[in-house]
Every structure is written in structure tokens, then in C-alpha cells.
Amino acid sequence: MTEHTDISIPHSVLDTRGLPGKQGFELWQEHGGLYYDLRAHKEHAQAFDVRVDAWHLGNVLLANFQVPGQDYSRSRACIGRDGADVYMLQIVCRGWSGARDSGATARTGDIMIYDLAQPSVSRGGDNEVFSLILPRNLLAPHLEAPDEHSIHQLAVGNPLTSLLGEHLIGLRARLPSMSLDQAQAVMPATVQLVAAALNGTVREEQAGSVRMAVTERICTHINAHILDPNLNPEAIASGFGMTRRNLGYLFESYGGVAAYIRRKRLSLIRTALVDPARKGASIEAIAEAHGFNHYRSFALAFQRQFGFTPREVRALAHEGQALPPVSDSRLADWTQWIRDLK
């Protein structure tokens, strides 16, 4: 018999209410700006009231967002910077949201799906949305077209949309009183319900599962050969029998295959710098072993990705200080929770 515990669900809050408008927007930018380029619809001299309540279920994040009107774009630079590979479903509880220049606008009861591995340009009115954020590898295997859901609207009039919406709203209402075990037990059924709603609205000609499968094979190959000095776009394209242009198309949402490789190598270097067993190895030698032959360009890339120089990371680790998960330790936990979804 499985033993259940009463561990509460980790809960993270961001609340700008009570701050002057400029300070409120700046605080929101520090958080939301990690994943989106943000622009308010107007100056908020009096207030820019944001409230975020997020619950962490391990490999799934649930969050209630109350935000003023704004534009939020997910550029290739954003994708390359954070590498988030997650889906975000938002049921609109109040207000509206949707594509900025064209496409559908979701209103109360509608559900919008965003693929954070793909560029998007969106906007929202003064609204409240309840979001389900989950990693690609949790949902994609259940979808007929896993890479065709960038700014995808599910209209409330569709029975499957209504069923999913009622489930999510009911879940939101019960989260404060649920244990972590109870919430996690609901997630498999939630994922299946999401997949049913999405598969019910995808046209046959949109199917892109072959493209996704090839990309996953290439990612697996890169991860297995990440320390190979000959690992580069040309070699990968040749090994998989495709042109470099087609390879670039597959990795467009990652900022390019070279950017994907660089982020992986920088992450390995960060791990090596805090490893006591490698205290005696020079930073230059570690960088070179991971494919960076020019220290200055390496150091700049490292600082852009982690917010610290390589020497600062090593010094903090050797002093026994915990490394902040993001460049500003004042940030609410949910910002890092999104980054950690795998």
C-alpha cells in the first residue's frame, strides 16, 4: 500500500500592490521579464498591480496571474537566453488575451495555449488567468501535433474546452487545501484531458510529429557528444543526412543549434566550477575542455547566461555560499520553478 503524506504544496507569491506604479512595473519586469519582453499599455503613475500565486507540483506548475494590460513577446533572444521548453495553458478568468497583430482573442472561459519553445507576440487586457505550465516531454507524447500549439485558442463553446476549463477552475479552488500527494495524483488525468482537448482541435494537415521526433533525436545526439570538439552544426547536419539550413529550421525556436550546444556546455562548466573535486583545475582549462578556446568570449557568454562571472561562481562555491538560482535573489521562487521544469 502506498503511504501518502500531508506535505503541503510549495507556494510562491509575487504582489506589487501598494507599490508606486513605476516600482510595481519594474518589479514585474524583473520577474516576468525573465521569460518575456514586456511593455505596459500605458504609464501607470499611480499603480501597476500584479498578483501571482504559484504552486509547485514537482514537474508541473500551476499559477494564478492578475496583471494589468500589457504586450508580452517571446522572442528568439528570450528562447535562446532561458531555454524553457514548456507548454503554458491559460484559462481566461477575467479580461482577454491573444495574438497582438492577428489571430484569435481569448475571453472569459476560453483557453490559450503557448509553446515557450516558439516565438510569439501577444497582448492582454487587464486580466486574470489561471495557468498550467508543464514540460514538453510530459505532454508532447500524447499530442498528435506537439509543435503546432503556439498561440492556440480553445473556444469555451467546445465541449472538451468546457470540460478542461471546469477541471482547471475546480483545481484552482481546491489547491490551498490539497496536499502535494493529492495534487500530484490528479496530474496524469489532467494531462490526458489537456491532450484530448488539443487533439480534438488539430487539423490533419498540421501534424508535425515527424519534425518533433527528428529534433528530439538530434538533441539526444548532442547531449551524448557534448564534449566532442568536432560537434558543430555542419557535422550534425551531415550525420543526420540533412542540409544545415534544414537543421537550423528545426532549432529555430532554440535560437539555433549552435546556441543550444553553447547553453549545454556552459551549464556543464557551471557544474564543474562548483565541484570541490575540480578546485585545482583552472577556469581556463575547464572552459577549453568544454570547447571554449577564447576565454574572454567564454566569460561574457557565461555571465549572460547565469548573471555571474565564472570567477564569482567559483568563489561563492568555495566560500560555501549557495548560488542564487537567478541573477537577483529577490525574485520569487516561481521564476526558478519554471526554469527547472524538465
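Refer to the structure presented above.
Attention here is on the structure that accompanies the text. (Residues numbered from 1 in each chain as written. Predicted model: local features only at pLDDT ≥ 70, side-chain atom pairs only at ≥ 80, totals over all residues. Heavy atoms only, no water.)

Under the definition given, this model contains twelve salt bridges. Across the pair arginine 17 and aspartate 15 runs a salt bridge whose closest N-O atoms are separated by 2.7 Å. Using a relative accessible area of 49% as the deciding quantity, one classes arginine 17 as partly exposed. You can call aspartate 15 partly exposed: its relative accessible area is 29%. Residues joined in a network through salt bridges with shared partners are Asp15, Arg17, Arg51 and Asp53. (Salt bridge = Lys/Arg side-chain N within 4 Å of Asp/Glu carboxyl O. Buried < 20%, exposed > 50% of the residue type's maximum accessible area, 1.4 Å probe, protein only.)

A few words now on the sheet that holds strand β10 (residues 120-124). The antiparallel open sheet is built from five strands, whose spatial order is β2-β5-β10-β7-β8. The open sheet terminates on both sides in strands that have one partner only, identified here as β2 (37-40) and β8 (105-107). Direction aside, neighbouring strands of the sheet carry axes that sit 20° apart on average. Taken strand by strand, helix α1 (residues 21-32) contacts β2 and β5 (70-74), and its axis lies near 160° from that of β2. (Pairing = 2+ DSSP bridges. Helix = DSSP H or I, 4+ residues; strand = E, 2+ residues; numbered from the N terminus. Axes fitted to C-alpha atoms, helices over the stretch in contact; angles between N-to-C directions. Contact = heavy atoms within 4.5 Å.)

It is worth spelling out the pairing of strand β3 (residues 51-56) at this point. Counted residue by residue, β3 has five buried out of six residues, so it is predominantly covered. In this sheet, β3 lies alongside strand β1 (residues 11-15) in antiparallel orientation, the contact comprising five bridges. Paired with aspartate 15 across the strands is arginine 51, a residue of β3. The pairing of β3 with strand β4 (residues 61-67) spans six bridges and is classified as antiparallel. Each residue of the ladder has a partner; that of alanine 54, found in β4, is alanine 63.

Attention now goes to the side chain of aspartate 71. Mapping aspartate 71 onto the fold places it in strand β5. Of the polar contacts made by the side chain of aspartate 71, one reaches the side chain of arginine 39; its length is 2.6 Å. At a separation of 3.0 Å, a polar atom in the side chain of aspartate 71 contacts the side chain of arginine 123. Excluding its chain neighbours within four sequence positions, the residues that come into contact with aspartate 71 are Asp37, Leu38, Arg39, His41, Arg100, Ser122 and Arg123. (Polar contact = N/O pair within 3.5 Å; in protein donor to acceptor, adjacent residues only side chain to side chain.)

Turning our attention to the sheet that holds β1. The strand order across the open sheet built from seven strands is β1-β3-β4-β11-β6-β9-β12, with neighbouring strands paired in antiparallel fashion. Two strands close off the open sheet at either side, each with one partner strand: β1 and β12 (152-154). Mean inter-strand twist for the sheet, computed between neighbouring axes without regard to direction, equals 20°. Sitting on the sheet, α1 is in contact with β1, β3 and β4, with an inclination near 145° to β1.

Between its first and last C-alpha atoms helix α4 (residues 159-174) spans 23 Å; for 16 residues at 1.5 Å apiece the expected length is 22 Å, and the two agree. All of the buried residues in α4 are Thr161, Leu164, Gly165, Leu168, Gly170 and Leu171. In this structure, the buried side of α4 is in contact with β4, β6 (86-94), β9 (111-115), β11 (127-135), β12 and α5 (180-199). Where α4 begins, the capping side chain belongs to asparagine 158, and its oxygen is found 2.8 Å from the backbone nitrogen of leucine 160. (Expected span 1.5 Å × (residues − 1).)

A word on the environment of serine 131. Tracing the backbone shows serine 131 in strand β11. Sequence separation between serine 131 and leucine 62 is 69 residues; the distance between their C-alpha atoms is 5.7 Å. Those residues in contact with serine 131, other than ones at most four positions away along the chain, are Leu61, Leu62, Ala63, Phe65, Met88, Leu89 and Gln90.

Judged by nonpolar contacts, the single largest core of 33 residues is most densely connected at Trp28, Tyr36 and Trp334. Elements supplying a minimum of two residues to this core: α1, β2, β3, β4, β6, β9, β11 and α13 (333-340). Counting residues per element, this core draws most heavily on β4, which supplies four residues. With near-sequence residues (within four places) excluded, tryptophan 334 lies in contact with Ser12, Leu14, Trp28, His31, Gly32, Val52, Ala54, Leu61 and Phe65. With 31 residues, the next largest nonpolar core counts Phe130, Leu134, Leu193 and Leu198 among its residues. (Core = buried A, V, L, I, M, F, W, Y, C linked by side-chain atoms within 4.5 Å.)

If you want to describe how two helices pack, look at the angle between their axes and the distance between the axes. Where helix α9 (residues 257-273) meets helix α11 (residues 295-306), the closest approach of the two axes is 10 Å, and the angle between their N-to-C directions is 90°. As judged from the angle between their axes, α9 and α11 are roughly perpendicular. Counted together, Arg262, Arg263, Leu266, Ser267, Ile269, Arg270 and Leu273 of α9 and Phe298, Ala301, Phe302, Gln305 and Phe306 of α11 form the full contact between these two elements. Its residues assigned to classes, the contact of α9 with α11 shows seven nonpolar, two polar and three charged. (Parallel < 35°, antiparallel > 145°, perpendicular 65-115°, else oblique. Nonpolar A, V, L, I, M, F, W, Y, C, P; charged D, E, K, R; others polar.)

Another point: the packing of α11 against helix α12 (residues 310-318). Two numbers describe how α11 lies on α12: the axes approach to 9 Å, and their chain directions differ by 65°. Between α11, through Tyr295, Phe298, Ala299 and Phe302, and α12, the contact on the second element is made entirely by Pro310, Arg311 and Val313. When grouped by side-chain class, the residues that make up the contact of α11 with α12 number six nonpolar, no polar and one charged.

Next up on the list: the packing of aromatic side chains. One pass over the full model with this rule turns up ten aromatic pairs. For the ring pair tryptophan 28 and tryptophan 334, a centre distance of 6.4 Å and an interplane angle of 35° mean the geometry is tilted. Here tryptophan 28, found in helix α1, pairs with tryptophan 334, found in helix α13; they are 306 residues apart in sequence, far enough to count as distant. When sorted by exposure, tryptophan 28 lands in the same class as tryptophan 334, which is buried. For the pair phenylalanine 302 and phenylalanine 306, a centre-to-centre distance of 4.8 Å together with 55° between the ring planes defines the contact as tilted. (Phe/Tyr/Trp six-rings, centres within 6.5 Å; stacked < 30°, edge-to-face > 60°.)

In short, shape yes, function no, at least from these values alone.
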